[in-house]
Amino acid sequence: MESMLNKLKSTVTKVTADMTSAVMGNPVTREFEVGRHIASGGPGMCWRIYNGTKKSTKQEVAVFVFDKKMVEKYQKFDKDQIIESLKRGVQQLTRLRHPRLLTVQHPLEESRDCLAFCTEPVFASLSNVLGQWDNLPSPVPTDIKDYKLYDVETKYGLLQISEGLSFLHSGVKMVHGNLCLENVILNKSGAWKIMGFDFSISSTNPSDAEVRRSAHLPVCTCMYLFLCVYLYISLHTCLHLPPSFPQPKYSCKEWEPNLPPLCLPNPEYLAPEYILSVSCDAASDMYSLGVVMHAVFNEGKPVFQVNKHDIFKSFSRQLDQLSRLSPTMLNKIPEEVREHVKMLLSVTPNVRPDADQMTKIPFFDDVGAVTLAYFDSLFQRDNLQKSQFYKNLPKVLPKLPKRVVVYRILPALASEFVNPDMVPFVLPNVLLIAEECTKDEYVRLILPDLSPVFKQQEPVQILLIFLQKMDLLLTKTPPEDIKNSVLPMVYRALEAPSIQIQELCLNIIPTFANLIEYPSMKNALIPRIKSACLQTSSLAVRVNSLVCLGKILEYLDKWYVIDEILPFLQQIPSREPAVLMGVLGIYKCTFSHKKLGIPKEHLAAKSLPHLVSLSIDNNLNLNQFNSFMAVIKDMLTRMEAEHKTKLEQLHSMQEQQRSMNINTSQTNQSEETKRTSSPGNQIDDVFGGSSGSAGVNGKANGNSASAPQLNRMSLTLEEKQRLAKEQEQAAKLRNQPALAPQSIKPATPSTQAKDLTSCLLNNMTSLGSLSLTSPPRPGLIQGSTISAYPSTTPMGSMASNGYNPTMGFQTGGQGMRPPGPGLYGGMATTTSTPNFGALTHNQGSTNTPDMSALDSLFTSNKPKVSLNQMAPPKPTPGTTATPWLNQFGSAQPSQTAPMQGAPLVMGGVTSGFGMQANPFFSPQNFSQPTAAPVMNAGGGLRHSSSVNNDLKDLFG
């Protein structure tokens, strides 16, 4: 890659150095910028041709440079001869002005190193095009290497050379003397121009000299001389006298073989008489024209190859061949021109046709050649002739090669843009050519000429033509030029006072709307269409505006249509049926288009009310009303379906969310319950404690009752809904019929009345007859079962057990009031007592049961006390436990034994509070030895003072 870049750099440096050294110091460089080497031409291909520009005007030119280094090998005399010959040819060319001659923009300038002059822009010489690449840059430019002449170019090129010779022979009375491929130059438009007047010969007649001088005079003087000649001819015609014009006489130099080649004409194109008889005239140039025609059709090869070292012998042999010219030598020449070429190559000069006759041969009557010739003579035509020609030109343009159309016809058409009356006739042809051009060619060759035309408003046809070709303009014009030139023209058309222009513009806009950028359409085009609809008084313009809007809706954004277009429809004051149907069409297009659509909110609030109000307009007929109702029904149907679907989806989402919230709430509540449950509650669960049991005092009950209330206040909406649902299910369960279990019918109690006083006395007597010597009452055993049925224990025994002062328990139950001073005040609501007689206990057993297996039932946040410590202490050996002590000492462990889900207290009364609420239910309390009851001296249990007082009160 680096080597390639170095090679490219060296090539560019070499070319730049060659160009700089070629023209360095030449006065031409003061006014012109010299570019790259593009071609070669002139006598012996000695002129290098560079492209260039004029510094002041940036006008494009061609710079011809002759490097004097080419003649350094010659002697000074030969060198001077060459320089003088080249100077003479350029000076002669500078003095002559004709469309068929190369136009000189700047005269010859000489410096120490080179000769240079400037001409119109040049592509190459005809010799370069036909394959002679002498004195060309290396490598040969691709455009020259690949250049191929089309038939129309060849025909019209030869016609141009014939016209140029006709001008020289008839107008200037001059013989070119060296007409060959090197001296035919193709300019940038493709026109063939003659140069190389180094060996031109002027007529020696004095009158011809005056004519030659007139060729350099101003136009007015030339017209005066032409008028004089015309009067002279007319006078002789009236007098029936033939005009007598002396034949021009030309004197030519004898051929000098010792001179350098650049000092001699090309012998391969010279007529035989020039060498053999040292005579020449206009027919000699016609012979050269015949050789040129043969070379053009024969890949640049002339008829004969001449030995320049023995020129006379070669021409003698050539003369014999020409006298018996075989048809095979001309087989490559088209048949329609073959005979004319044969005549041009005739040995006899008088047989050769002159230049004027050659311009009239049928070979040049080609449509393309005639079209090109007409373009070259447009300046002689009036507007009517031009208009007729331009109208028929679109039929001819497709038949011509693109290169000819772009580089020959297009410049001629663009030159007519300065004439406003001709623009409507020229513009269609220019746009037709633009369709065949690439985008680069359009931007480079056509757009610069079209830019001024975009701003022309008169005549009106200009806008119409541009609007019809708007898709072409928007496709090939760069975005910046579209914004600055094309779209402003469309905006002017919408705002034009002519209704026809507005209608055409509105009809054409939908055809190229897809090519307009969205910001330009939204901010500039749509507002002007809306303005044209509201401000115009023409019904056609208003309807076309609505139709245009309806067709370009698909290129707009949905919300722009809803926010800008649909509200605009409600501002239209007109109520003509056509306008109403246009409004309906826009609503229908917006509603039914897949990309757009109207939201149901807009349908309900704005669209449907507007359409309903329009549908009942009195100007509508039945079909139009039905169209309105069809659209309204479609809108209602879709609005109903969409909203119904939305509500169904919303309801489904709400149900799913509610279900998820309930599941989440249940999970959270269960976790919260587990997290907030205390060890006391766990013990209650293990031992069957009831959370509804009454506490020791009211404070404990109050705290337990307020906790659910606080939790209820902090519930979320979903939890409340879940609780409401659970309550509803519970209510349904309560409403169901209760199951009726089969029960045993109890025995009918005796209806015999009892004497309460005798029963009370009997109980008190049995209570007083208790003694320590009586058989001991069996105590509770760990894990024993207590009968659930009421026992027949006397009331006195129950009272003694319930009010034993050594236990420290306060009896109570559900609905019980605190005990009063009386003996039985606290037992008013007691209905049953436990049957202690049903308990079995082995007094003789001295083994204490191991209760360590139940240690794990206590939680870690309570002091861990083994159940072995809770067991009653062993009696001291030798000591006999009293039945009363055995009764209460063995009953304490029964506090932890379950009995049908509720714990028992002393006396068999169910506890009204849980184990947590009881301050006395503590492992430490059970670990202490029970104090022995106070006994009297007789060994019996002493009655408390309160009992005695009660008895005194009872019996007086």
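Residues numbered from 1 in each chain as written. Predicted model: local features only at pLDDT ≥ 70, side-chain atom pairs only at ≥ 80, totals over all residues. Heavy atoms only, no water.

### A few points about the nonpolar core
Core analysis: the biggest nonpolar cluster contains 180 residues, and Trp47, Ile409, Leu450, Phe466 and Ile509 have the highest contact counts within it. In this structure, Ile409 is in contact with Leu372, Phe375, Leu393, Leu397, Leu400, Val404 and Ile433, ignoring residues within four places of it in sequence. Judged by nonpolar contacts, the second largest core, of 13 residues, contains Leu270, Cys280, Val306 and Ile311. (Core = buried A, V, L, I, M, F, W, Y, C linked by side-chain atoms within 4.5 Å. Buried < 20%, exposed > 50% of the residue type's maximum accessible area, 1.4 Å probe, protein only. Contact = heavy atoms within 4.5 Å.)

### As for the environment of Leu566
Position of Leu566 among the secondary structure elements: in helix 24 (residues 558–569). Leu566 sits 41 residues away from Ser607 along the chain, and the two C-alpha atoms are 7.9 Å apart. With residues near it in sequence (within four places) discarded, Leu566 still touches Val561, Ile586, Tyr587, Thr590, Ile598, His602 and Ser607. (Helix = DSSP H or I, 4+ residues; strand = E, 2+ residues; numbered from the N terminus.)

### Quick word on the confidence of the model for the chain
Per-chain confidence: the chain averages 74 in pLDDT, with 66% of residues scoring 70 or above. Within the chain, strand 9 (residues 192–194) carries the highest mean pLDDT (95), whereas helix 32 (residues 795–802) carries the lowest (39). Here residues 12–18 scores under 50 on pLDDT; set against residues more than four positions off or in separate chains, the count is one contact. Counting contacts from residues 235–245, a segment whose pLDDT is below 50, to residues more than four positions away or on other chains yields seven contacts. (pLDDT = per-residue confidence, 0-100.)

### Quick look at the sheet that holds strand 2 (residues 47–54)
Taken in spatial order, the five strands line up as 1-2-3-5-4 in an open sheet, and their pairing is antiparallel. Unpaired on one side and paired on the other, strand 1 (32–41) and strand 4 (104–110) mark the two borders of the sheet. Ignoring strand direction, the axes of neighbouring strands in this sheet form an average angle of 25 degrees. Summarising the sheet, strand 3 (residues 60–67) and strand 5 (residues 114–119) pair through six bridges and their orientation is antiparallel. (Pairing = 2+ DSSP bridges. Axes fitted to C-alpha atoms, helices over the stretch in contact; angles between N-to-C directions.)

### Description of the packing of aromatic side chains
Applying the stated criterion across every chain yields a total of ten aromatic pairs. Measuring from centroid to centroid gives 5.3 Å for Phe363 and Phe364, while their planes differ by 65 degrees, and the two rings are edge-to-face. Both residues of the pair, Phe363 and Phe364, belong to the buried class. Ring pairing ties together the aromatic residues Trp47, Phe64, Phe66 and Phe117, which thus form one cluster. (Phe/Tyr/Trp six-rings, centres within 6.5 Å; stacked < 30°, edge-to-face > 60°.)

### Points about the packing of helix 14 (residues 383–396) against helix 16 (residues 423–436)
One way to put it is that helix 14 packs onto helix 16 with a least axis distance of 9 Å and a crossing angle of 25 degrees. What the angle tells us is that helix 14 and helix 16 run roughly parallel. In this structure, the crossing between helix 14 and helix 16 has a hand that is left-handed. Across from Ser387, Tyr390, Lys391, Leu393 and Pro394 in helix 14, the residues of helix 16 making contact are Phe425, Val426, Asn429 and Leu432. Residue classes in the contact of helix 14 with helix 16 are distributed as six nonpolar, two polar and one charged. (Parallel < 35°, antiparallel > 145°, perpendicular 65-115°, else oblique. Left-handed = near helix turned anticlockwise from the far one by under 90°. Nonpolar A, V, L, I, M, F, W, Y, C, P; charged D, E, K, R; others polar.)

### Quick look at helix 11 (residues 335–344)
If you check which residues of helix 11 are buried, you get Val337, Val341 and Leu344. Looking straight down helix 11, one finds its buried side chains confined to an arc of 50 degrees; they lie on one side. With respect to the buried face of helix 11, the exposed residues turned more than 90 degrees away are Glu335 and Glu339. (Arc of directions from axis to C-beta.)

### Regarding the environment of Gln502
Along the chain, Gln502 falls in helix 21 (residues 499–512). Sequence separation between Gln502 and Ser545 is 43 residues, and the spatial gap between their C-alpha atoms is 9.2 Å. Sequence-distant contacts of Gln502, that is, excluding residues within four places in its chain, are made with Ala493, Leu494, Glu495, Ala496, Thr536 and Val541. A distance of 3.0 Å separates a polar atom in the side chain of Gln502 from the backbone oxygen of Leu494. (Polar contact = N/O pair within 3.5 Å; in protein donor to acceptor, adjacent residues only side chain to side chain.)

### Examining helix 16
The end-to-end C-alpha distance of helix 16 is 20 Å, a good match for the 20 Å that 14 residues give at a rise of 1.5 Å each. For helix 16, the full list of buried residues reads Val423, Pro424, Val426, Leu427, Asn429, Val430, Leu431, Ile433 and Ala434. Where helix 16 is buried, its residues meet helix 14, helix 15 (402–414), helix 17 (439–454), helix 18 (461–468) and helix 19 (470–476). (Expected span 1.5 Å × (residues − 1).)

### Comments concerning the sheet that holds strand 8 (residues 184–187)
An order of 6-8-9 is seen for the three strands of this open sheet, with the pairing classed as antiparallel. The strands lining the two open edges of the sheet, one partner per strand, are strand 6 (122–125) and strand 9. The average angle at which neighbouring strand axes cross in this sheet is 35 degrees, direction not considered. Here strand 8 runs beside strand 9; their pairing, made up of three bridges, is antiparallel. Across the sheet, Ile185 pairs through a bridge with Lys193, a residue of strand 9. Those strands touched by helix 5 (residues 151–172) are strand 8 and strand 9, and its axis lies near 25 degrees from that of strand 9.

### Looking at the pattern of salt bridges
The full count for this structure, using the stated rule, is 21 salt bridges. The salt bridge involving Glu153 is made with Arg403; its shortest N-O contact spans 2.4 Å. Remark: Arg403 occurs in helix 15 and Glu153 occurs in helix 5; sequence separation between them is 250 residues. For the salt bridge of Lys469 with Glu435, the shortest nitrogen-to-oxygen distance reads 2.7 Å. Of this pair, Lys469 sits in the loop between helix 18 and helix 19 while Glu435 sits in helix 16, and the two are 34 residues apart along the sequence. With a relative accessible area of 28%, Lys469 lands in the partly exposed category. Classification of Glu435 as partly exposed rests on a relative accessible area of 34%. (Salt bridge = Lys/Arg side-chain N within 4 Å of Asp/Glu carboxyl O.)

### Let's talk about the packing of helix 22 (residues 518–535) against helix 24
Packing of helix 22 against helix 24 brings their axes to within 11 Å, and their N-to-C directions diverge by 10 degrees. The pairing of helix 22 with helix 24 is recorded here as roughly parallel in orientation. Residues Tyr518, Lys522, Ile526, Lys530, Cys533 and Leu534 of helix 22 pack against Tyr560, Glu564, Ile565 and Phe568 of helix 24. Among the residues making up the contact of helix 22 with helix 24, the classes are represented as seven nonpolar, no polar and three charged.

### Things to note about the environment of Asn307
With respect to the helices and strands, Asn307 occurs in the loop between helix 9 (282–297) and helix 10 (311–323). By relative accessible area, Asn307 is classed as partly exposed at 38%.

### Section: the pairing of strand 3
Among the eight residues of strand 3, seven are classified as buried, and the element is accordingly described as predominantly covered. As defined by bridge partners, strand 2 adjoins strand 3 across six bridges and the pair is classed as antiparallel. Its bridge partner lying in strand 3, Ile49 is registered against Phe64.

### Section: the pairing of strand 5
Where a strand is regular, its side chains alternate between the two sheet faces. By the criterion of burial, strand 5 is predominantly enclosed, with six of the six residues buried. Alternating residues of strand 5 divide into Cys114, Ala116 and Cys118 and Leu115, Phe117 and Thr119, and every residue in both groups is buried. Direction of pairing for strand 4 relative to strand 5: antiparallel, over a ladder of four bridges. Within strand 5, the residue paired with His106 across the bridge is Cys118. Hairpin connection, strand 4 to strand 5: the antiparallel pair is bridged by three residues.

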